[in-house]
Amino acid sequence: MNTPEYEKNNPADGTAAPDVLATPNAPPAVNVSAGRSAAGGGVPLVRLIDASKRYGSIIALQNITMEVGAGEVTCVLGDNGAGKSTLIKIIAGLHQPSNGIYEVEGTPVSFDSPREALERGIATVYQDLAVVPLMPVWRNFFLGNEVRKRLRLDIAFMKKTCKAELAAMGIDLRDVDQAIGTLSGGERQCVAISRAVHFGAKVLILDEPTAALGVKQSGVVLKYIVQARERGLGVIFITHNPHHAYPVGDRFLLLNRGRSIGYFEKAQITRDELTGLMAGGAELEQLSHELEDAGGSLADIGRELEEDISELGISGQPGTDANAT
Amino acid sequence: MAQTAEAPVAPPPRLDERISRKSPLARFLARPEAGAIAGAIIIYIFFFIVATPFRYAASFSSVLYVTSTYGLMATPVALLMIGGEFDLSAGVAVTSSALCASLFSYEFTTNAWVGVLVALGLSLLIGFLNGWIVVKTGIPSFLVTLGTFFMLQGINIALTQTITNQVASPDISTLQGFNSAREVFSASFTIDGVNIRTSVIYWIAFVIIATWILLRTRIGNWIFSVGGHAPSARAVGVPVGRMKIGLFMAVGLMAWFTGMHTLFLFNTIQSSEGVGNEFVYIIAAVVGGCLLTGGYGSAVGAAIGALIFGMVNQGIIYAGWNPDWFQFFVGVLLLGAILLNTFIRRRAEAAA
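Here is what the cut-offs are and how they apply
- Residues numbered from 1 in each chain as written.
- Chains lettered and ligands numbered in written order.
- Predicted model: local features only at pLDDT ≥ 70, side-chain atom pairs only at ≥ 80, totals over all residues.
- Helix = DSSP H or I, 4+ residues; strand = E, 2+ residues; numbered from the N terminus.
- Contact = placed C-beta atoms within 7 Å.
- Buried ≥ 20, exposed ≤ 12 C-beta atoms within 10 Å, placed from the backbone.
- Nonpolar A, V, L, I, M, F, W, Y, C, P; charged D, E, K, R; others polar.
- Axes fitted to C-alpha atoms, helices over the stretch in contact; angles between N-to-C directions.
- Parallel < 35°, antiparallel > 145°, perpendicular 65-115°, else oblique.
- Expected span 1.5 Å × (residues − 1).
- pLDDT = per-residue confidence, 0-100.
- Core = buried A, V, L, I, M, F, W, Y, C linked by C-beta atoms within 7 Å.
- Pairing = 2+ DSSP bridges.
- Left-handed = near helix turned anticlockwise from the far one by under 90°.

### Some words on the overall build of chain B
Working step 1: Of the regular secondary structure elements, chain B holds 15 helices and 2 strands.
Working step 2: Projected onto its principal axes, the C-alpha positions of chain B cover 85 × 50 × 35 Å.
Working step 3: The long-range fraction of contacts in chain B, counting pairs at least 24 apart against all pairs at least 6 apart in sequence, stands at 78%.

### Examining the overall build of chain A
Working step 1: Counting its secondary structure elements, chain A contains 13 helices and 12 strands.
Working step 2: Buried positions account for 46% of the 325 residues belonging to chain A.
Working step 3: Of all intrachain contacts in chain A linking residues separated by at least 6 positions in sequence, the fraction that spans at least 24 positions is 71%.

### Looking at the interface of chain B and chain A
Working step 1: Between chain B and chain A, the contact holds 26 residues from the first and 28 residues from the second.
Working step 2: Among the elements of the structure, α10 (218-228) and α11 (230-235) of chain B are those that each provide at least two residues to the side of chain B that touches chain A.
Working step 3: Top contributing element to the side of chain B that touches chain A by residue count: α10(B), with 5 residues.
Working step 4: Of the residues assigned to the side of chain B that touches chain A, the class counts are 13 nonpolar, 9 polar and 4 charged.

### Let's talk about unusual backbone geometry
Residues and elements named next belong to chain A.
Working step 1: For D50, which is not glycine, the phi dihedral falls at a positive 55°.
Working step 2: Of note, D50 is situated in strand β1 (residues 46-55).
Working step 3: With 13 C-beta atoms counted inside 10 Å, the residue D50 sits in the partly exposed group.

### Details of the packing of helix α8 (residues 185-198) of chain A against helix α9 (residues 215-230) of chain A
Residue and element names in this part refer to chain A.
Working step 1: Where α8 meets α9, the closest approach of the two axes is 9 Å, and the angle between their N-to-C directions is 10°. Comparing the axis directions of α8 and α9 gives the class roughly parallel. Taken together, the residues of α9 that come into contact with α8 (itself represented by G185, G186, Q189, C190, I193 and V197) are Q217, V220, V221, Y224 and A228.
Working step 2: Tallied by class, residues from the contact of α8 with α9 come to 7 nonpolar, 4 polar and no charged.

### With respect to α8(A)
All names here are of chain A.
Working step 1: Spanning 14 residues, α8 covers 20 Å between terminal C-alpha atoms, matching the ideal 20 Å at 1.5 Å per step.
Working step 2: Counted residue by residue, α8 has 11 buried out of 14 residues, so it is predominantly covered.
Working step 3: Within the sequence span of α8, burial applies to G186, R188, Q189, C190, V191, A192, I193, S194, R195, A196 and V197.
Working step 4: Looking at the buried residues of α8, the elements they touch are β6 (122-125), α6 (137-142), α7 (155-168), β9 (203-207) and α9.

### Some thoughts on the confidence of the model for chain A
Residues shown with low pLDDT carry predicted positions that ought not to be read at fine detail.
Residue and element names in this part refer to chain A.
Working step 1: The share of residues in chain A with pLDDT of 70 or more is 80%, and the mean pLDDT across the chain is 77.
Working step 2: When pLDDT is averaged over each helix and strand of chain A, the minimum, 36, is found for helix α2 (residues 13-22) and the maximum, 92, for α6.
Working step 3: Overall, residues 316-325 carries pLDDT values under 50, and its contacts beyond four positions in sequence, including any with other chains, amount to 28 contacts.

### Examining the nonpolar core
Side chains of a nonpolar character, in soluble globular proteins, are inclined to be buried together.
Working step 1: Ranked by internal contacts, the top residues of the largest apolar core, which has 178 residues, are L204(A), V77(B), A284(B) and A285(B).
Working step 2: In terms of residue count, helix α12 (residues 240-266) of chain B provides more of this core than any other element does, 15 residues in total.
Working step 3: The residues contacting A284(B), other than those within four sequence positions of it, are Y70(B), A74(B), A302(B), G305(B), A306(B) and F309(B).

### A short note on helix α3 (residues 34-50) of chain B
Working step 1: Compared with the 24 Å implied by 1.5 Å per residue over 17 residues, the 25 Å span of α3(B) between its first and last C-alpha is a close match.
Working step 2: Those residues of α3(B) not exposed but buried are A34(B), G35(B), A36(B), G39(B), A40(B) and F47(B).

### Thoughts on the environment of K84(A)
Residue and element names in this part refer to chain A.
Working step 1: Within the element layout of this structure, K84 appears in helix α4 (residues 84-92).
Working step 2: With 22 C-beta atoms counted inside 10 Å, the residue K84 sits in the buried group.
Working step 3: C-alpha of K84 to C-alpha of L255: the two residues are 171 residues apart in sequence and 7.3 Å apart in space.
Working step 4: Each residue touching K84, except ones within four places of it in the same chain, is listed here: V76, G78, I238 and L255.

### Examining the pairing of strand β3 (residues 73-78) of chain A
All names here are of chain A.
Working step 1: Burial analysis of β3 places 6 of its 6 residues in the buried class, the great majority of the element.
Working step 2: With 5 bridges connecting them, β3 and strand β10 (residues 234-239) associate as parallel partners. If you follow C75 over to β10, its bridge partner there is F237.
Working step 3: Where β3 and strand β11 (residues 251-256) come together, 5 bridges link them in parallel fashion. Among the inter-strand pairings, G78 is bridged to a residue of β11, identified as L255.

### A short note on the pairing of strand β1 (residues 188-191) of chain B
All names here are of chain B.
Working step 1: Sheet topology note: the β1/strand β2 (residues 194-197) ladder contains 4 bridges and is antiparallel. Of the residues in β2, the one forming a bridge with I191 is V194.
Working step 2: Following β1, the chain reverses through 2 residues before pairing antiparallel with β2; D192 in that reversal takes a positive phi of roughly 55°.

### Overview of the packing of helix α13 (residues 277-287) of chain B against helix α14 (residues 299-318) of chain B
Residues and elements named next belong to chain B.
Working step 1: Closest axis-to-axis distance for the α13/α14 pair is 7 Å, and the angle between their directions is 120°. Taken together, the axes of α13 and α14 lie oblique to each other. For the crossing formed where α13 meets α14, the hand is right-handed. For the pair formed by α13 and α14, the contact residues are V280, A284, A285 and V287 on the first element and A302, G305, A306, I308 and F309 on the second.

### Here's the deal with the environment of Y102(A)
Residues and elements named next belong to chain A.
Working step 1: Mapped onto the fold, Y102 is located in strand β4 (residues 99-104).
Working step 2: On the neighbour-count criterion, Y102 (19 C-beta atoms within 10 Å) is partly exposed.
Working step 3: Considered as a pair, Y102 and L48 are 54 residues apart in the sequence and their alpha carbons are 4.7 Å apart.
Working step 4: Leaving out residues up to four positions away in the same chain, Y102 has contacts with L48, A51, I90, P97, P108 and V109.

The following block contains the structure:
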């Protein structure tokens, strides 16, 4: 039943097909091996090979292949319901893939809990940030990893370390004793990221870290992503915003309805193409045809849209060279 | 990246000007037990004026005693509430434990201590089952423990009736080991002519231990986190299920202790006792600043909440009023405390 379903997923193909095929993959596709040299030639920290996930009869994720190496940022892009959350849950150890292989540093793994993934250095910063709003910042920072002197918490040390770690990330906090719920969204995000970094994360999974943030705060978070990469961490950056993903990403995995619609090295794709794929060029084209058919001023808008699409060289289909692995 | 080279420049250590605005009073009012302390002072002054006997040390010692019987249970109930759960069976569980100890050691003519240990096992088991059902099914603890409340109440009365043909357990004061058990659970001593029961000392000790656990240990951190936001706690590796079951078992443990105290004080136990006390424990915790939604509160607050109950309970008697007014006062206290706490928290948060 899988194959026909795949075709059903692209209903726009019929009308848009000629254009799609005609669209040249304008930037020359750089050889995959050349792109991978960015990984430092080492074994990727995290790699999924043909991973799928079913919940009963629902296929949440199908045949996903991706990887992230040390000092790299792999961006996972997709609209709501594309399977991003499922992908995170698999990598974070909350779920196991129904099929396919999940490798950490070259060895296949099967995690029973997020704790096991954490022990392998895979830390997840969820959208809700896994913070407890009513608890002080420093208690949140060390929650689950409390520093103790015998049975007692070493409160002075934890407060000092928390403040120092946050300062190293450039976060100037009024008081680490204040409830974390009183911080701004960007500050909370950064506390969560620096917490993961402090506890020796090798791979950082960031679940839509910029989704609820303003322009300036998003910029701050992107800066920390770059900083984490510079420190040699592998970052899996989940987002639906190609403008956030493109500047910081080394690889881009695009998801739609639980399937990969493209997996690119940075050199293989331009920002506009990425944006086009995310926006769903095929859907836009269909929209432009519909508008033109409507006539009147709507038709003008439709023609304008069509011009934009061809100008950007975007389409709903990934190029034939899209699947890098 | 150019900026990374400059990043390690640490901000100079200084007193942050942004936190100096918070006055000591605002800091005190932001504490969970602030409302309870204010309420306790008002009620003390009130009964000090209207009830003459209330002013004597001897009467205050009996206030403290009544307080301790509530406070022993209010402490673990407060921890459980901070952990995000309720236990409506806490009141009758005390009676169940006492009945179990007395009936077991009386019917099998064992040493009283054997009954005590069997009751301990039963109480921990009840706590475990409450917690286990809540954790495994995800059904709100309000409903689960409402069920166990009725079950225990039924068993208490029906089993006692079946075994003894009476509504109370037999007098066990003739049993071996009774006196030593009484020494442990229900002793009293005299200071300056004032009789003080050891349950008061136990209560204060347990409050100190609970406070220490909450604020100074990892377990305490975890209790706040499972009540504050369980998914977050789980995500950072806190064993949420085990924490909750453990908290229910702590309630069971203290129900056993309170039950043993009552049993060895009166030698016998009424099978219908304890109904309604679960609300007293919960209200003491709420008056003491525990949030109904979990994640916030203190053991000291619950202790002061229990003290308010003790003062009202005895104050009404010393004032010579009809004791039935107690129920009315309980309602007034609960409403007043909730309003005061909400008001204070809003003010404190606005000032912060």
